[in-house]
Every structure is written in C-alpha cells, then in structure tokens.
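Residues per chain are reported as follows:
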2 protein chains.
Amino acid sequence: MHKEPVDFIVKGDYVLTMTDSEEPLRGGAVAVRAGRIVDVGPSDDLEARYLPDRVVGGSGKAVMPGLVNTHTHAAMVYFRGLADDLPLKNWLEENIWPAEERWLSPDFVRDATALACLEMVRAGVTLYNDMYFFEDASTEGIKKLGMRAVLGAGILDFPTTAVQDTAEYFERAEDFISRWREDELITPSIAPHAPYTCSPGTYRKALMMGEQYDVPVHTHLCETRWEVEEVMRLYGKTPIEHLDSHGLLNSRVVAAHCVWPSQREIEILAERGVSVSHCLESNLKLASGIAPVVRMLDAGVRVVFGTDGAASNNDLDVMSEMSTAAKLHKAVSDDPTALSARTALLMATRMGAEALGLGESLGSLERGKLADMVVLDLDKPHLVPVYNIYSLIVYSAKSSDVESVMVNGRLLIDGYRLVTVQEEEIILKARQWREKIVSAGGAG
Amino acid sequence: MHKEPVDFIVKGDYVLTMTDSEEPLRGGAVAVRAGRIVDVGPSDDLEARYLPDRVVGGSGKAVMPGLVNTHTHAAMVYFRGLADDLPLKNWLEENIWPAEERWLSPDFVRDATALACLEMVRAGVTLYNDMYFFEDASTEGIKKLGMRAVLGAGILDFPTTAVQDTAEYFERAEDFISRWREDELITPSIAPHAPYTCSPGTYRKALMMGEQYDVPVHTHLCETRWEVEEVMRLYGKTPIEHLDSHGLLNSRVVAAHCVWPSQREIEILAERGVSVSHCLESNLKLASGIAPVVRMLDAGVRVVFGTDGAASNNDLDVMSEMSTAAKLHKAVSDDPTALSARTALLMATRMGAEALGLGESLGSLERGKLADMVVLDLDKPHLVPVYNIYSLIVYSAKSSDVESVMVNGRLLIDGYRLVTVQEEEIILKARQWREKIVSAGGAG
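Small disclaimer: the values here were computed from a predicted structure and weren't measured.

1. Observations concerning the nonpolar core
Line of reasoning, step 1. In this structure, Phe108(A) and Phe108(B) are the most contacted members of the largest nonpolar core, which totals 262 residues.
Line of reasoning, step 2. Those residues within four positions of Phe108(A) in sequence are excluded, and the remaining contacts are Ala75(A), Tyr78(A), Phe79(A), Trp103(A), Thr113(A), Trp433(A) and Ile437(A).

Written out as structure tokens, the structure reads:
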C-alpha cells in the first residue's frame with residue numbers, strides 16, 4: 001500500500017483532541033503536513049497510511065492542543081518580582097508605573113518579550129493575547145521563536161511614554177493592524193485599556209476599528225472594587241452596564257478580569273458573547289478578589305484563562321492557572337463537582353482560541369486545523385498512575401512536563417530542547433537589564 | 001593555611017538560611033561534615049577554610065532548607081486521580097474507602113510509599129508527616145531513598161483492614177514507637193484519626209503515649225462543616241473546643257486542616273501551642289473550604305503546609321501549596337500584604353520542622369543542625385530576572401526547579417539525577433498496580 005508522505009506523526013498514549021468527543025484517543029496520533037493537521041486517529045492506522053519525516057512523542061506521552069494565554073502584558077516579565085507583597089496603590093503608583101516611565105522603550109519591549117515568549121512556549125503556551133506598548137518591537141522575537149500572538153498596543157485617553165494623544169493611538173493601531181493582519185503567526189488587535197481610562201467615545205472608535213479590520217478588541221474590565229466605584233462615580237453605572245449601555249460589548253471583546261460583575265452584568269456578558277479572561281493568580285496576589293467563574297460559565301459566558309503580566313502573577317504559566325482555578329472554584333462555589341478537569345482544559349485550549357476569534361483554525365486537534373500542539377512527558381513520579389488523563393493534566397501535571405511544542409507545523413521544542421532560539425542569550429539579556437534597572441535604583 | 005576537610009560545600013548565588021536574619025546570603029555556602037552543617041557563610045570564606053570532597057551548586061543556584069510536608073497519607077498516591085470532580089461523600093464512601101478496603105496491604109503501602117517519597121524528594125521535600133496504615137511497610141523504602149519521615153498508623157474507634165480494636169491500635173503504635181524512636185531518619189508518632197472517629201478517651205491515651213515517648217501527636221481536626229456539626233451532635237461542642245474541654249490540645253499536637261475554627265477556637269489553638277497543617281489544595285479540591293490562615297497566624301498559631309494525600313490534591317508538592325497559599329490568602333483577607341513570600345517559605349521550612357518537634361535539629365541552615373537542604377536551579381526563563389529571592393521562590397519557582405537534594409548530609413538528588421533509588425522501577429511498579437486496580441474494576 002502506498003503511504004502518503006507527511007512532515008510529522010505526533011503520537012501519544014493519550015491524544016486529547018478537545019473536540020466535543022470526551023473520550024481521549026488511546027494510542028493515538030496526529031499527522032501533520034505543511035503546517036496543518038491532515039489526520040487524527042489511532043496510531044496504528046495513521047502509521048499504516050502515512051510516511052512521516054519525523055515521529056514525535058510516543059509511549060509515555062500525552063498530546064493536546066497548545067495552551068492559550070488570553071491576557072498578558074508580556075514585556076512586564078522584566079518587572080517580575082520587582083515589587084511584591086505591597087498594597088495595590090503602592091505597587092502600581094510607586095513601583096510599576098515609575099518603572100515603566102523610566103524603562104519602557106522598543107529595546108526593552110523587544111528583549112523582555114523574547115523572555116516572556118520563551119517562558120510561555122516552554123510551558124506549552126502556543127498563542128497569547130497581549131496588551132502593552134511598542135508592540136512592533138516584539139514581533140521580531142515572536143516570529144523568530146515561532147509562536148503565535150495577538151498584539152494590541154494599549155489605548156488610553158491620556159498620553160504615555162509611547163504616544164501623545166488619542167488620535168495618535170488610533171493612527172498607530174490602524175497602521176499596526178494594516179501591516180500585520182495577513183501574518184500567519186501574528187494577529188493584530190485593538191486594545192482600549194479600561195472603562196476608567198477610556199471614554200465611551202474611545203471604546204466606540206476601537207470597536208469600529210475592530211469591526212472594520214475583523215480583529216479582536218482587548219480590554220480590562222471590572223478588575224477591582226475601586227474600578228466599580230470609580231466608573232459609578234464617572235458614569236453612574238457599574239463598568240459592564242456602563243459599556244453595555246453604550247452598545248460597546250459584543251463577541252469581538254475579550255475582557256480581562258471581570259472579578260466583580262453583578263448577576264445582571266453576568267447575563268449581559270453572556271448575551272453579548274463577550275469572552276472573559278480569568279486571571280486568577282494575579283487577582284489573588286493583588287487581592288483584587290475572586291471572579292465568579294462558575295456562575296459566569298453557568299450563565300453561558302465564555303470564560304478562558306489569562307496570566308496577566310508577570311509583575312503581578314509572577315509567571316506566565318497557563319497550566320498553573322488552570323490547576324489553581326479548577327480547585328479554587330470548587331471551594332468558593334461550595335461544590336466539588338464544579339469546574340471539572342475537562343472543562344478547565346477546554347477553557348485553556350479550544351475556548352481560548354475561540355475567544356481570540358481563532359476558533360476556526362486553532363484550539364483543537366482536528367483535520368484541517370493548524371498544527372499547534374503540545375506533547376507532555378508522563379514518565380514522571382508525580383504523573384503515575386493514570387486513571388483519568390484530564391484529571392492528571394489539570395491537577396497533577398506542571399508546565400515543566402511539556403516535552404515538545406509544535407506551532408504551525410514547526411517544532412519549537414523538541415524533547416525539552418529549544419529549536420529556534422538560544423535560551424542562554426535570552427536569559428543573559430534579562431540579567432543584564434536587571435543590573436541596569438537595579439543599579440539605577442529600581443523604579444526610580 | 002591548613003584547610004579543614006569536609007564532605008561537601010554547597011554553594012549558591014543566594015543561600016536562604018531561614019534563621020531570623022531576613023537578608024539572604026549573597027554568594028553563600030554551607031559546609032557539611034558527617035551529616036551536619038559545620039559552617040554557613042560567604043562562599044569565599046568557606047572555600048578558604050574548608051577542603052570539600054565535593055562542591056555542590058554554584059553560580060545560578062539558590063540553596064535553602066529542605067521543605068516539610070506536615071500532613072499526608074503517602075501511600076494514597078496510588079489512588080491519585082482514581083475519582084475526581086465528585087461530591088465528597090461519593091468520593092470517599094463509594095470510591096476511596098472501597099479502594100482502601102480492597103487494596104490496602106503491606107505490599108501496597110510499601111510500593112505506593114516508594115512512589116510518594118520519590119515524588120516528594122524530587123520536589124524538594126526532605127521530611128514528611130504521615131498518617132496511614134501498615135506504616136512498617138513503608139520504612140524500608142524511605143530509608144533506601146534516604147529521606148526523613150514522621151510515621152504514625154491511624155487510630156480509630158472501629159476496626160480497619162489493618163487492625164481489630166482500639167487496644168490493638170495502641171499495642172501496635174507502642175511497638176512501632178519502641179522500634180523506631182532511635183532511628184536517624186524515621187520519627188514515630190501517634191495518630192488518633194479525628195474527633196468524630198476517636199473518643200476523648202482514645203485521644204487521652206494517644207496524648208499520654210506521645211508524652212511518654214516524646215513523639216508528635218498527629219490528627220485531623222475541623223476539616224469540614226460536616227465535621228463541626230457531627231462533633232456538635234456527638235459532644236455538644238465544636239471540634240477544637242471539644243478536644244480542649246478535655247485537656248487534649250498541647251504543643252505536641254499537629255492538627256491537619258482546621259478549616260472552620262471559630263475566633264475563640266483560633267485563640268485556643270494559639271494558647272495551647274497546637275500546630276496547624278494547612279492543606280489548601282486538598283481543601284479547595286474537595287470544596288471543604290478555605291482555612292482562616294491569616295487570622296490564625298495573626299493570633300500566633302504555628303501554621304505550616306501539608307499536601308494531604310495525592311487522592312485529593314492531586315500531588316505532594318509543597319512548593320505549589322506555598323505558592324497557592326501566599327496568593328490566595330491575600331485575596332481572601334483582602335490584603336495584598338498578607339502572607340508575605342518570606343513568611344510562606346518559613347512555614348514550609350523552619351516552622352514545619354518545629355511543628356513536628358524537630359526544630360532543634362532541622363528547618364534552617366545553621367551550624368550544628370542536620371544537613372537537609374535543597375539546591376534550586378535559577379537558570380530558567382521563568383526565574384529571571386531576580387529582584388527578591390523569596391518572592392522568586394514562592395511566586396515563580398516550581399518543584400521542577402529542584403536540582404539537588406541533600407538529607408542528613410547525603411545527596412539524594414545530584415543535578416536532577418536520582419542517586420539512591422531507580423526511578424524507572426518505581427514508576428513501572430505504579431503502572432503495574434494501576435493495571436491490577438483497573439482490571440479489578442477500580443475500587444470494586
């Protein structure tokens with residue numbers, strides 16, 4: 001029988017397709033050619049039908065879609081641990097903002113994003129959604145490493161280091177979108193910062209631009225009780241009701257946090273098809289609160305995982321978010337059956353891709369989709385025995401069990417070995433920046 | 001100058017002694033001879049004074065005391081993931097208890113404990129506090145691996161697979177204590193199960209035996225709201241008040257959980273010097289609730305970390321407990337300065353050793369103490385840059401960053417390589433038991 005040539009067969013004791021079928025494929029495989037999944041099925045079948053250039057994975061492995069980090073500020077990784085265990089106001093106003101004021105530049109963003117992306121890929125994240133400044137500077141490193149990103153420069157109603165006024169924010173955003181909208185790894189977005197920093201007019205402009213170019217709209221929403229009070233003070237409504245009253249919420253919107261929605265606001269999020277990026281570890285560490293994730297999911301809101309920036313988390317580890325969330329929301333909803341392991345893994349993969357408008361081509365292992373996937377190494381003391389593979393991955397596995405990572409049909413990590421970039425160089429650069437920052441007195 | 005011979009110099013960019021001095025030792029080292037720490041100080045000084053057989057660690061490393069897991073049921077690791085996302089009653093009564101009924105034996109405990117200990121040592125845990133059955137069966141594996149354990153067979157007022165009646169529990173406990181009390185790695189304990197399974201008379205006997213042999217008393221206490229109601233029903237008092245009213249709480253007691261203490265009960269725990277083993281991830285996953293850790297610490301209670309068994313967690317990872325706790329308790333106490341990184345690390349090291357009555361000889365890196373320590377590898381993308389080493393270890397490091405582990409002056413893990421046991425064998429045995437358990441229909 002003639003075998004069809006393919007680039008890869010990726011094999012595992014378990015293949016978690018994250019399609020609607022709940023049963024993991026035992027002894028399964030994924031065939032990949034020219035960046036796409038051409039077949040998924042039992043390993044024996046695929047090996048009989050396809051002739052691969054390379055076989056990846058095998059016995060003692062699990063294969064799943066790449067993880068999606070739906071909210072971060074990647075370049076803030078250089079401020080990881082710069083100021084911890086402080087009151088929020090002090091953390092932000094006396095440490096993070098002055099550090100950004102002092103250090104932000106295209107060079108900083110380029111070098112810091114390279115580190116953040118390396119950390120994410122090592123942790124099985126193949127796609128992330130970023131809001132920061134100088135996004136152009138990060139593209140080179142992302143493409144060299146070979147991962148995917150949705151990038152949007154934050155838009156505010158006041159000037160920042162990067163930009164003078166609102167008009168300039170939109171000019172730059174439009175320029176960025178035009179240049180990157182056809183890229184195969186980078187998806188541009190439009191990113192109005194938050195309801196307390198952007199007027200309804202700014203949001204309206206952002207949503208129109210999102211519509212015009214068919215790109216996601218990325219914002220912060222309802223993160224702290226302070227925000228709820230501030231938006232009440234400014235507009236006489238709570239944040240989600242406020243935006244909705246202006247017709248500013250739709251399925252293009254990815255709203256980070258949503259820690260303090262009212263029940264009515266949860267219904268609004270569901271009705272409008274807004275995706276909520278749940279940034280649990282950051283919300284916990286900054287004592288912002290605990291988002292009502294189970295109530296949001298029950299109401300039909302698409303809730304997905306984000307890490308937020310590493311200055312408040314302090315890592316970019318979606319597996320850890322998933323694990324913490326699947327446990328914590330059982331306790332806070334007083335129900336040990338809440339947020340099942342499989343639901344958590346869906347939130348971290350397929351639903352994450354859907355939230356970013358990329359669900360058609362990413363998020364599950366299905367014929368015709370782009371080949372983004374992760375191979376987990378199960379030959380570890382903390383990963384035996386296996387009774388339920390979803391449970392094992394969500395409650396017991398760690399990002400350090402990620403053995404191989406493929407994006408767009410290209411291996412970025414191959415048996416723990418980084419293929420496309422030099423880890424030592426990126427780490428060394430981070431240490432050099434740290435010396436500069438510390439010798440200048442930190443933030444000051 | 002004549003150099004004094006030592007077995008090891010253990011070096012790191014940071015040495016966290018976990019003594020009262022908060023400043024980490026930069027470029028520090030620990031000199032070890034015959035199982036004990038003979039000196040701690042700047043690396044240059046120690047290398048000028050001592051001639052080591054081996055240098056461990058070095059640049060890009062951090063050295064800290066071994067972590068202490070103050071509550072687990074190690075052998076339950078073979079039930080990891082056997083039954084997840086279920087209501088507590090169903091989980092326990094229809095899955096875990098029948099599985100124990102069907103499978104518990106000295107062979108099971110021996111093989112399962114070997115896996116649990118391997119997982120713990122790999123995660124930097126050098127000492128754990130166990131309550132289970134057939135504790136004798138676990139000693140061989142613990143000693144071969146070379147870690148420390150406090151072991152106590154659970155005592156109940158009804159028979160189990162292992163034992164017929166209360167008298168036999170105590171006979172066996174006394175026998176176990178007599179045989180192991182002089183061991184250098186194993187410390188016997190006495191372990192009355194919980195206030196709803198042990199009468200005050202049983203607790204009294206246990207405390208007297210603890211006193212007589214100077215060993216810790218290990219119990220479950222105030223884990224669920226069900227327990228609070230049940231003890232109220234049985235004795236007309238809440239669990240902690242109940243035990244205290246019989247004079248059954250003192251500084252020998254390590255009480256696992258304490259999720260639902262009243263403010264008065266928190267004061268009792270502090271007054272009596274009871275140590276509380278906080279098993280956060282297990283409490284979250286079983287939806288038992290969230291223990292008021294910050295209020296307990298503020299009241300002067302010694303709160304330390306436990307993983308509980310891997311059937312409810314689902315791992316034995318103290319670094320993960322520490323990280324989750326340090327973030328979560330900020331949110332639940334609405335204070336981002338609560339449970340600082342350094343406090344969390346103290347709870348996981350020195351306070352853990354103190355809780356188990358071993359604070360004199362373990363828990364910090366000080367001259368004269370036993371040489372139990374961990375070397376962390378900081379050359380990882382998620383561990384740069386370093387502004388504050390406590391923060392880095394608690395919020396960003398993972399158990400997979402544990403590069404070397406020393407217990408009693410002996411290297412158990414040497415640059416990620418396991419020295420004393422065969423990992424493959426232990427993993428294979430776990431998979432063989434899993435086949436047996438699954439082919440017999442799981443619990444049935």
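From this point, things continue past the structure.
2. Looking at helix α4 (residues 135-145) of chain B
Line of reasoning, step 1. Along α4(B), the residues classified as buried are Glu135(B), Ala137(B), Ser138(B), Thr139(B), Ile142(B) and Leu145(B).
Line of reasoning, step 2. Buried residues belonging to α4(B) abut α3 (106-122), β6 (125-132), β7 (148-155), α5 (166-180), β8 (186-188) and β16 (410-414) of chain B.

3. Concerning the packing of aromatic side chains
Line of reasoning, step 1. Summed over the entire model, instances satisfying the criterion amount to 16 aromatic pairs over all chains.
Line of reasoning, step 2. Aromatic side chains Tyr196(A) and Trp226(A) sit 5.1 Å apart centroid to centroid with 85 degrees between the ring planes, which places their arrangement in the edge-to-face category. Separated by 30 residues along the polypeptide, Tyr196(A) in the loop between β9 (191-192) and α6 (200-213) and Trp226(A) in helix α7 (residues 225-235) bring together distant segments of the chain.
Line of reasoning, step 3. Classification of Trp226(A) as partly exposed rests on a relative accessible area of 47%.
Line of reasoning, step 4. Taken together, a centroid distance of 6.4 Å and an interplanar angle of 85 degrees make the contact between Trp103(B) and Trp433(B) edge-to-face. One end of the pair, Trp103(B), is in helix α2 (residues 88-103); the other, Trp433(B), is in helix α16 (residues 423-439), and 330 residues separate them in sequence.
Line of reasoning, step 5. Given the relative accessible area of 8%, Trp433(B) is considered buried.
Line of reasoning, step 6. By the ring-pair criterion, three or more aromatic residues cluster together here, those being Tyr78(A), Phe79(A), Trp103(A), Phe108(A) and Trp433(A).
Line of reasoning, step 7. The lysine or arginine in question, Lys436(A), covers the ring of Trp433(A), its NZ or CZ lying 3.8 Å from the ring centre.

4. Regarding the sheet that holds strand β12 (residues 275-278) of chain A
Backbone-to-backbone hydrogen bonds pair the strands of a sheet. The strands run either parallel or antiparallel.
Residues and elements named next belong to chain A.
Line of reasoning, step 1. Read across the open sheet, the four strands follow the order β10-β11-β12-β13; overall the sheet is parallel. Strands with a single pairing partner mark the edges of an open sheet, and in this sheet they are β10 (217-221) and β13 (302-305). Each neighbouring strand pair of the sheet contributes to a mean axis angle of 30 degrees, computed without reference to strand direction.
Line of reasoning, step 2. In the sheet, β12 pairs with β13 via four bridges, with the strands oriented parallel. Paired with Ser277 across the bridge in β13 is Val304.

5. Remarks on the side chain of Glu403(B)
Residues and elements named next belong to chain B.
Line of reasoning, step 1. Take Glu403: it is sitting in strand β15 (residues 402-407).
Line of reasoning, step 2. Polar side-chain contacts of Glu403 include one of 2.7 Å to the side chain of Lys61.
Line of reasoning, step 3. When residues no more than four places from it in sequence are discounted, the contact partners of Glu403 are Lys61, Val375, Leu376, Asp377, Ile413, Asp414, Gly415 and Tyr416.

6. What about the pattern of salt bridges?
All names here are of chain A.
Line of reasoning, step 1. In the structure shown here, the tally under the stated rule is 72 salt bridges over all chains.
Line of reasoning, step 2. With a shortest N-O distance of 2.7 Å, Glu403 and Lys61 are connected by a salt bridge. A residue pair is termed long-range when its members are at least 10 positions apart, and Glu403 in strand β15 (residues 402-407) and Lys61 in strand β4 (residues 50-65) qualify at 342 residues.
Line of reasoning, step 3. Assessed through its relative accessible area of 10%, Glu403 is described here as buried.
Line of reasoning, step 4. Note that Glu354 is salt-bridged to Arg350, the shortest N-O span being 3.5 Å.

7. What to know about the domain arrangement of chain A
All names here are of chain A.
Line of reasoning, step 1. Taken domain by domain, chain A consists of domain 1 (4-65 + 368-418) and domain 2 (67-355).
Line of reasoning, step 2. Inter-centroid distance (C-alpha atoms) of domain 1 to domain 2 is 29 Å.
Line of reasoning, step 3. In this assembly, 30 residues from domain 1 lie in contact with 31 residues from domain 2.
Line of reasoning, step 4. With both sides pooled, the region where domain 1 packs onto domain 2 buries about 2500 Å², and carbon together with sulfur makes up 61% of that total.
Line of reasoning, step 5. Its largest share of buried area at the contact with domain 2, domain 1 owes to Met18, Val394 and Tyr395, together 27% of the area lost on that side.
Line of reasoning, step 6. On inspection of domain 1 and its partner domain 2, the count reaches two salt bridges.
Line of reasoning, step 7. Of the charged contacts, one joins Asp372 and Arg148 as a salt bridge, the two residues approaching to 2.5 Å between their closest N and O atoms.
Line of reasoning, step 8. Applying the counting criterion to the domain 1 and domain 2 interface returns 12 residue pairs in polar contact (both at pLDDT 80 or more).
Line of reasoning, step 9. Those elements that place two or more of their residues in the side of domain 1 that touches domain 2 are β4, β14 (373-377), α15 (389-396), β15 and β16 (410-414).
Line of reasoning, step 10. If you tally residues by element for the side of domain 1 that touches domain 2, the top one is α15, at five residues.

8. Things to note about the state of the cysteines
Line of reasoning, step 1. Summed over the entire model, instances satisfying the criterion amount to zero disulfides over all chains.
Line of reasoning, step 2. Free cysteine Cys198(A): the closest other cysteine sulfur is in Cys258(A), separated by 15 Å.
Line of reasoning, step 3. Unpaired in terms of disulfides, Cys258(B) finds its nearest cysteine sulfur in Cys222(B), a separation of 6.0 Å.

9. Quick word on the interface of chain A and chain B
Line of reasoning, step 1. Contacts between the two partners involve 65 residues from chain A, matched on the other side by 65 residues from chain B.
Line of reasoning, step 2. Carbon and sulfur atoms supply 58% of the area that chain A and chain B bury against each other, a total of about 5100 Å² over both sides.
Line of reasoning, step 3. Of all residues in chain A, Asp85(A), Pro381(A) and Tyr387(A) bury the most surface against chain B, accounting for 15% of the area lost on that side.
Line of reasoning, step 4. At the boundary of chain A with chain B, the tally comes to 10 salt bridges.
Line of reasoning, step 5. Note that Asp334(A) and Arg225(B) form a salt bridge whose closest N and O atoms lie 2.9 Å from each other.
Line of reasoning, step 6. For the pair chain A and chain B, the number of links is 33 residue pairs in polar contact (both at pLDDT 80 or more).
Line of reasoning, step 7. Sorting the residues of the side of chain A that touches chain B by element identifies α3 (106-122), α10 (280-285), α12 (318-332), α15 and α16 (423-439) of chain A as the ones contributing at least two each.
Line of reasoning, step 8. Residues of the side of chain A that touches chain B, tallied by class, amount to 31 nonpolar, 13 polar and 21 charged.

10. A short note on the side chain of His242(A)
Line of reasoning, step 1. By the element assignment, His242(A) lies in helix α8 (residues 239-245).
Line of reasoning, step 2. Apart from residues no more than four positions distant in its own chain, His242(A) is found in contact with Pro195(A), Pro200(A), Val231(A), Tyr235(A) and Lys237(A).

11. Remarks on the packing of helix α12 (residues 318-332) of chain B against helix α15 (residues 389-396) of chain B
Residues and elements named next belong to chain B.
Line of reasoning, step 1. Following both chains from N to C, one finds α12 and α15 inclined at 100 degrees, their axes separated by 7 Å at the closest point. Classified by the interaxial angle, the pair formed by α12 and α15 is roughly perpendicular. Across the interface between the two elements, Met319, Met322, Ser323, Ala326, Lys327 and Lys330 of α12 pack against Ile393, Val394 and Tyr395 of α15.
Line of reasoning, step 2. Across the contact of α12 with α15, the residue classes tally to six nonpolar, one polar and two charged.

12. Thoughts on the environment of Ala371(A)
Residue and element names in this part refer to chain A.
Line of reasoning, step 1. Mapped onto the elements of the fold, Ala371 is located in the loop between α14 (350-355) and β14.
Line of reasoning, step 2. Taking relative accessible area as the criterion, Ala371 reaches 0% and is therefore assigned buried.
Line of reasoning, step 3. Residues Ala371 and Asn408 lie 37 residues apart in sequence; the distance between their C-alpha atoms is 4.9 Å.
Line of reasoning, step 4. In contact with Ala371, other than residues within four places in its own chain, are Val32, Gly35, Arg36, Ile37, Met406, Val407, Asn408 and Gly409.

13. Considerations on the packing of α3(B) against α4(B)
Residue and element names in this part refer to chain B.
Line of reasoning, step 1. Packing of α3 against α4 brings their axes to within 7 Å, and their N-to-C directions diverge by 30 degrees. Classified by the interaxial angle, the pair formed by α3 and α4 is roughly parallel. Along this stretch, α3 crosses α4, giving a crossing that reads as right-handed. Where α3 abuts α4, its residues Pro106, Val109, Arg110, Thr113, Cys117, Leu118 and Val121 lie against Ala137, Ser138, Ile142 and Leu145.
Line of reasoning, step 2. Across the contact of α3 with α4, the residue classes break down as eight nonpolar, two polar and one charged.

Basis of the calculations
Residues numbered from 1 in each chain as written. Chains lettered and ligands numbered in written order. Predicted model: local features only at pLDDT ≥ 70, side-chain atom pairs only at ≥ 80, totals over all residues. Heavy atoms only, no water. Core = buried A, V, L, I, M, F, W, Y, C linked by side-chain atoms within 4.5 Å. Buried < 20%, exposed > 50% of the residue type's maximum accessible area, 1.4 Å probe, protein only. Contact = heavy atoms within 4.5 Å. Helix = DSSP H or I, 4+ residues; strand = E, 2+ residues; numbered from the N terminus. Phe/Tyr/Trp six-rings, centres within 6.5 Å; stacked < 30°, edge-to-face > 60°. Lys NZ or Arg CZ within 6 Å of the ring centre and 35° of its normal. Pairing = 2+ DSSP bridges. Axes fitted to C-alpha atoms, helices over the stretch in contact; angles between N-to-C directions. Polar contact = N/O pair within 3.5 Å; in protein donor to acceptor, adjacent residues only side chain to side chain. Salt bridge = Lys/Arg side-chain N within 4 Å of Asp/Glu carboxyl O. Domains from an automatic or database assignment. Buried area = accessible area lost by both parts, 1.4 Å probe. Disulfide = S-S within 2.5 Å. Nonpolar A, V, L, I, M, F, W, Y, C, P; charged D, E, K, R; others polar. Parallel < 35°, antiparallel > 145°, perpendicular 65-115°, else oblique. Left-handed = near helix turned anticlockwise from the far one by under 90°.

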